[in-house]
Amino acid sequence: MLCATFHRPDGTAPDPTAYTALLTALTPVVQALPPDTALADLTPALRYFARDAGHLAALLRVRALARYGADCTIGVAENPMLARMAARRAAPGRTLLVPADPDAVKEFLADQPATALDGIGPATARTLGTYGLGTVGRIAAAPLPALQRILGAKAGRDVYERAHGIDRTPVRPGATAPSLAAERPFDRDEIDPARHRRALLSLTEELGARLRDRGEACRTLSLTVRCADRTALTRTRTLAEPTAHSADLTATAYAVYGALGLQRARVRGISMRAEGLIPAERAAHQLSFDPGDEKSRRIEAVADRIRAKFGPDAIRRGTLAA
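Residues numbered from 1 in each chain as written. Predicted model: local features only at pLDDT ≥ 70, side-chain atom pairs only at ≥ 80, totals over all residues. Heavy atoms only, no water.

Draft legend 1. Molecular detail of the overall build of the chain. For the chain, the count of helices and strands is 12 helices and 10 strands. In terms of overall size, the chain behaves like a compact globule, its C-alpha atoms giving a radius of gyration of 22 Å where 322 residues would be expected to give roughly 20 Å. In the chain, of all internal contacts separated by at least 6 residues, the share reaching a separation of at least 24 is 64%. Looking at charge distribution, the chain has the averaged site of its 45 positive side-chain charges lying 1 Å from that of its 35 negative ones. (Helix = DSSP H or I, 4+ residues; strand = E, 2+ residues; numbered from the N terminus. Rg over C-alpha atoms; globule rule 2.2 N^0.38 Å. Contact = heavy atoms within 4.5 Å. Lys, Arg positive; Asp, Glu negative; His and termini not counted. Charge placed at Lys NZ, Arg CZ, Asp CG, Glu CD.)

Dropping the structure here:
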């Protein structure tokens, strides 16, 4: 398995269709992980090209740089989880290969924090930490029955297997992306809050339209502000209800931005991700007696039909037209 994260020198991510095309030239078994990562099963490519995974990773890097001016950080391992972990641990612009040898896998996992494993979030990590299981190596050394008493039967077994480098998840070509992302870089370091909010409005309008076009709604919204000193501030907020309504997304984005308390910060770019996607028909909407909300949703539906017929730029908010 190969996991590649693509990035340009200016910090922006290449178009997802571009980097997935690079990988599908090597193997048809490719799963996009937006906004900047893709996972590929190299099994057919190894036979076809008669090269090992290291050579194919080098070929991918050369093609990405030549075609799109983008570098990539690559992880190679025997299963998707290990490949993603290797890509996260690799130095920028480098390839980290985890051999299939069990001892090598054990050494690679041993000192990594519990949260590096799939399925372990902050809450589960805190629970494990209270029992002294703060690293993957310690989790792997714990007996399975002990983990099942701490986390439950199924979750305990899943964590036990992952701590031993076992992942049975297949690569799913064409799988629905678990999130949608968009970004607005500034031409220069921007300190004007009005321009920041204009970028936020543009992002939520774009994400809302894309969600509605796909027939999906999102549960959470994640905002990342990249500053001139190369630091990045990321905040995530769960929505009151899953939605694709642009006005709701905008209100949430403004609230998250306001909570950051930026005081004339020099902002280089703002990105936003809609996460926790579900089919729109499964998203319950609380009935409202506000006529303004109903009117906004009707106008939005009409605007979507106009864009579908005449293109995405056929109609837009006046504040974004300039």
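Draft legend 2. Spatial organisation of the side chain of glutamine 112. In this fold, glutamine 112 is placed in the loop between helix H5 (102-110) and helix H6 (122-129). Judged by relative accessible area, glutamine 112 falls into the buried class, the value being 7%. Not counting residues up to four positions away in its chain, the partners in contact with glutamine 112 are Met85, Arg89, Thr135 and Val136. (Buried < 20%, exposed > 50% of the residue type's maximum accessible area, 1.4 Å probe, protein only.)

Draft legend 3. Region of interest: the pairing of strand E7 (residues 216-227). Along E7, 11 of the 12 residues are buried, which leaves the element largely enclosed by surrounding structure. Pairing of E7 with strand E10 (residues 278-279) involves two bridges; the strand directions are antiparallel. By the bridge assignment, alanine 217 is partnered in E10 with isoleucine 278. As paired elements, E7 and strand E8 (residues 232-243) share eight bridges and run antiparallel to each other. If you follow arginine 226 over to E8, its bridge partner there is alanine 232. The turn linking E7 back onto E8 is made up of four residues, and arginine 230 within it adopts a positive phi angle of 75 degrees. Here E7 pairs with strand E9 (residues 267-275) via eight bridges, running antiparallel. Following the sheet pairing, valine 225 is matched in E9 by isoleucine 270. (Pairing = 2+ DSSP bridges.)

Draft legend 4. Geometry of the pattern of salt bridges. Evaluated as defined, the whole model comprises 14 salt bridges. Across the pair glutamate 183 and arginine 226 runs a salt bridge whose closest N-O atoms are separated by 2.9 Å. One end of the pair, glutamate 183, is in strand E6 (residues 179-190); the other, arginine 226, is in strand E7, and 43 residues separate them in sequence. Among the residues examined, arginine 226 registers a relative accessible area of 18% and is labelled buried. (Salt bridge = Lys/Arg side-chain N within 4 Å of Asp/Glu carboxyl O.)

Draft legend 5. Up close: the side chain of threonine 73. By the secondary structure assignment, threonine 73 is in strand E4 (residues 71-76). A polar side-chain atom of threonine 73 sits 2.9 Å from the main-chain amide nitrogen of glycine 93. Excluding residues that lie within four positions of it along the chain, threonine 73 makes contacts with Cys3, Ala4, Thr5, His7, Arg61, Ala87, Ala90, Ala91, Pro92, Gly93 and Arg94. (Polar contact = N/O pair within 3.5 Å; in protein donor to acceptor, adjacent residues only side chain to side chain.)

Draft legend 6. Summary view of the packing of aromatic side chains. Evaluated as defined, the whole model comprises one aromatic pair. Relative to phenylalanine 49, the ring of tyrosine 48 has its centre 5.0 Å away and its plane inclined at 80 degrees; by these criteria the two rings are edge-to-face. Here tyrosine 48 falls in the exposed class, since its relative accessible area comes to 68%. According to the relative accessible area criterion, phenylalanine 49 is partly exposed, its value standing at 23%. (Phe/Tyr/Trp six-rings, centres within 6.5 Å; stacked < 30°, edge-to-face > 60°.)

Draft legend 7. The nonpolar core, seen in detail. Within the largest apolar cluster, 29 residues are counted, with the highest numbers of intra-cluster contacts made by Leu82, Met85, Phe108, Leu109, Leu117, Ile120 and Ile139. With six residues, helix H4 (residues 80-89) is the largest single contributor of residues to this core. Excluding residues that lie within four positions of it along the chain, leucine 117 makes contacts with Met81, Met85, Val136, Val159, Arg162 and Ala163. Listed in part, the 26 residues of the second largest apolar core include Ala182, Tyr257, Ala265 and Ile270. (Core = buried A, V, L, I, M, F, W, Y, C linked by side-chain atoms within 4.5 Å.)

Draft legend 8. Broad picture of the environment of glycine 215. Within the secondary structure, glycine 215 is located in the loop between helix H10 (193-214) and E7. Relative accessible area serves as the criterion here: at 30%, glycine 215 is assigned to the partly exposed category. Once the C-alpha coordinates of glycine 215 and isoleucine 278 are considered, the two residues, 63 residues apart in sequence, prove to be 8.7 Å apart. In this view, glycine 215 contacts Ile278, Pro279, Ala280 and Glu281; residues no more than four positions away in its chain are not counted.

Draft legend 9. Here's a closer look at the environment of alanine 141. Structurally, alanine 141 is set in helix H7 (residues 136-141). For the pair formed by alanine 141 and alanine 110, sequence separation is 31 residues and the distance between their alpha carbons is 9.7 Å.

Draft legend 10. View of helix H9 (residues 153-163). All of the buried residues in H9 are Gly156, Val159, Glu161 and Ala163. Among the structural elements, H5, H7 and helix H8 (144-151) are those in contact with the buried residues of H9. Immediately beyond the C-terminal end of H9, within one or two residues, lies glycine 165, with a positive phi of roughly 80 degrees.

Draft legend 11. Looking closely at the packing of H6 against H8. Between H6 and H8, the shortest axis-to-axis distance is 11 Å and the interhelical angle comes to 125 degrees. For the element pair H6 / H8, the angle class is oblique. Pair H6 / H8 crosses with right-handed handedness. On the side of H6, the interface is formed by Thr124, Thr127 and Leu128, while H8 contributes Leu147, Ile150 and Leu151. (Axes fitted to C-alpha atoms, helices over the stretch in contact; angles between N-to-C directions. Parallel < 35°, antiparallel > 145°, perpendicular 65-115°, else oblique. Left-handed = near helix turned anticlockwise from the far one by under 90°.)

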